[in-house]
Amino acid sequence: MDHQTCSQELIKTIAASPSAFHAVDTVVRRLEAAGFMALSENDTWTLEPGGSYFTTRNGSSLIAFKLGSSLDNYHFQMSAAHTDSPTFKLKSQPALSGPDGVLRLNVEAYGGMIDYTWLDRPLSLAGRVMVEKDGAIETRLLSIDRDLLLIPSVAVHMNRDVNQGYAFNRQVDLCPLFSVGELSAEDIDRLIADELSVTPEQILAHDLVLVNRQPGCVWGAAKEFVSAPKLDDLQCVFASLEALLASDNPHAVTVCALFDNEEVGSGSKQGALSTLLRDTLARVNAALGKGEQDLLAALAGSFMVSCDNAHAVHPNHPELADEKNRPQLNAGVVIKEHAGQLYTTDALSRAVFESICRGANVPTQTFANRSDKRGGSTLGNLSNRQVSVHSVDIGLPQLAMHSAYETAGSHDTAWAIEALKAFFSTDLHIDGSSRVTLR
C-alpha cells in the first residue's frame, strides 16, 4: 500500500488498540481473517508444513508464525515488537475524594511517560475486567468510548513558576477528575458494570489504564507527519504484522512476536524475558517431529529483527542527538546500535539487515546515543536471554517518545513493512558468525 494509505491504516489500528489487551485482540482478528489458526498453550499442538498459526499469553502478548512448506533443515526468522505503552493504571480501590464533593481516580504510573502531556485533555478507561458468571471467572475487554476524565492543570496565577519547570507529584497532581458532586465512589464500579452489561457485584478485578482520547491524524501542508497515541510501539506492531502476512518463505518458520510489559522491564510471564518465545519455538519444533538437537541447530541458524521505535533528531534541540547517528523523519528504517549492548546490533546483524533493505530499495539510517547519554534497552537483548539468536535492533524515527501524543513521518511505516516483508521472505543461511548467504 502507498504511504498515505498505510498511515491511515496505522491510525485505525491504534484507535482499535487502547490497551495491550485490545492491541492483541485487534491482531487476532486480523490473523483470523487471514486464515491463521489459534493454538492454546493448554493444548497439544498439531501443525502442518505450510500452515499459519498463533498463540497468546495473558491476552496481552501474542506470537504468530507461518510454517514453510519445505522444512528439512529449517530455522526461525523472527520479528519482535511490544503491545504496551506508558500510561496510568487504575488502582484496585480507585476512588479518591476531594474538596466539596469532588471525586478523583486513584492511578499510578505505568512506564516512563512525559507526565505533563496527560494534562488538560479528554481521557477514558480501557483494559480487561474479570467478571464472575455461572460459577466461572471470565475476561471481558472494556473500552469506554466517550470523554470520561481529565487531569486539570493548576492555573498559572496559582503556580507562577510553572514555566520554569515543575516536578509533578503523581499522587497529588496527576489524579483524573471524575465528578464534582453528581457521582459517588460506587458509581465507578457501576459505570464499568453498565458498560459490560453485568452487575457491580460480578466484577472481581480489573487491569484498566487511562486512554488519550485525541485521535490520530496525518498532518502538515505536504502531509509529511503522522501523530497519534502509542506510536511507540504500535507502529512497529502494525508494520511487522503486515509484513508477516504479505511474506512467503518455504524454507523457514517466520515468526512475529508481540510482547507486553516492555515499558516496565519485560520481567512478567508475558514479557520478552519470559519463556513465551522459547516455549513456542520448542513446541513448533516438537510438533514438526524434530528433537532437541534439531531445535538447537535451528536456533543457531536463526535471526531476529527487534522492532522498537527510535528517537528522531529534535528540530528545536539537535544538540541532544549524536552528531552523525541522528535519524530524520521520512528517511527510512533506523538501525540502532550501542557499544554496551543495550541494543543487539553488531556488524554481522547490521550487514544482513542492510543487505536485505538494499535489495528491497528501502533506505536505512543509524541511531546511536550521544556518548555522554545513556539510552534505554529494548526487546532484542532481553529475549536473547531466553532464545539466543543473531539479532538486529531497528525502529522508526519519531519525536516526543513517551508523550501521550507522539509524532512520526508519514512515509516511514510503509518503509518498515517493505523491509520486514523482504526479511521474512529472504532465505537466510547462517554459518556461525563467519558467513551468511541470502537467497
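Coordinates for the structure precede this section.
Computed from a predicted structure; not experimentally measured.

Novice: I'd like a rundown of the layout of surface pockets, residues and numbers included.
Specialist: What the largest pocket holds in volume is close to 720 Å³. Lining of the largest pocket is provided by 36 residues; of these, Ala-310, His-311, Phe-367, Asn-369 and Met-401 occupy positions nearest its centre. Elements that contribute at least two residues to the lining of the largest pocket include exactly β15 (310-311) and β19 (397-399). Grouping the constituent residues of the lining of the largest pocket by class yields 12 nonpolar, 14 polar and 10 charged. The volume enclosed by the second largest pocket comes to roughly 420 Å³. Lining the second largest pocket are 20 residues, and of these Pro-152, Ser-153, Val-154, Val-172 and Asp-173 lie nearest its centre. By residue class, the composition of the lining of the second largest pocket is 15 nonpolar, 3 polar and 2 charged.

Novice: If you had to explain the pattern of salt bridges to someone new, which residues and values would you point to?
Specialist: Counted according to the given criterion, the structure contains 16 salt bridges. A salt bridge links Glu-337 to Arg-350; the shortest N-O distance between them is 2.8 Å. Of this pair, Glu-337 sits in the loop between β16 (333-336) and α7 (347-359) while Arg-350 is found in helix α7, placing the two residues 13 residues apart along the sequence. On the accessibility criterion, Glu-337 (26% relative accessible area) is partly exposed. Using a relative accessible area of 22% as the deciding quantity, one classes Arg-350 as partly exposed. When the shortest N-O distance is used, the salt bridge between Asp-372 and Arg-370 registers 2.7 Å. Asp-372 gets classed as exposed once you look at its relative accessible area, which sits at 55%. Salt bridges here are not isolated pairs; linked through shared partners, they connect Glu-41, Arg-57 and Asp-279.

Calculation criteria
Residues numbered from 1 in each chain as written. Predicted model: local features only at pLDDT ≥ 70, side-chain atom pairs only at ≥ 80, totals over all residues. Heavy atoms only, no water. 1 Å grid on protein atoms, 1.4 Å probe; cavity = no way out; pocket = protein on both sides within 12 Å on 5 of 7 lines; lining within 4 Å. Points joined across faces, edges and corners; volume = space filled by probe spheres on them. Helix = DSSP H or I, 4+ residues; strand = E, 2+ residues; numbered from the N terminus. Nonpolar A, V, L, I, M, F, W, Y, C, P; charged D, E, K, R; others polar. Salt bridge = Lys/Arg side-chain N within 4 Å of Asp/Glu carboxyl O. Buried < 20%, exposed > 50% of the residue type's maximum accessible area, 1.4 Å probe, protein only.

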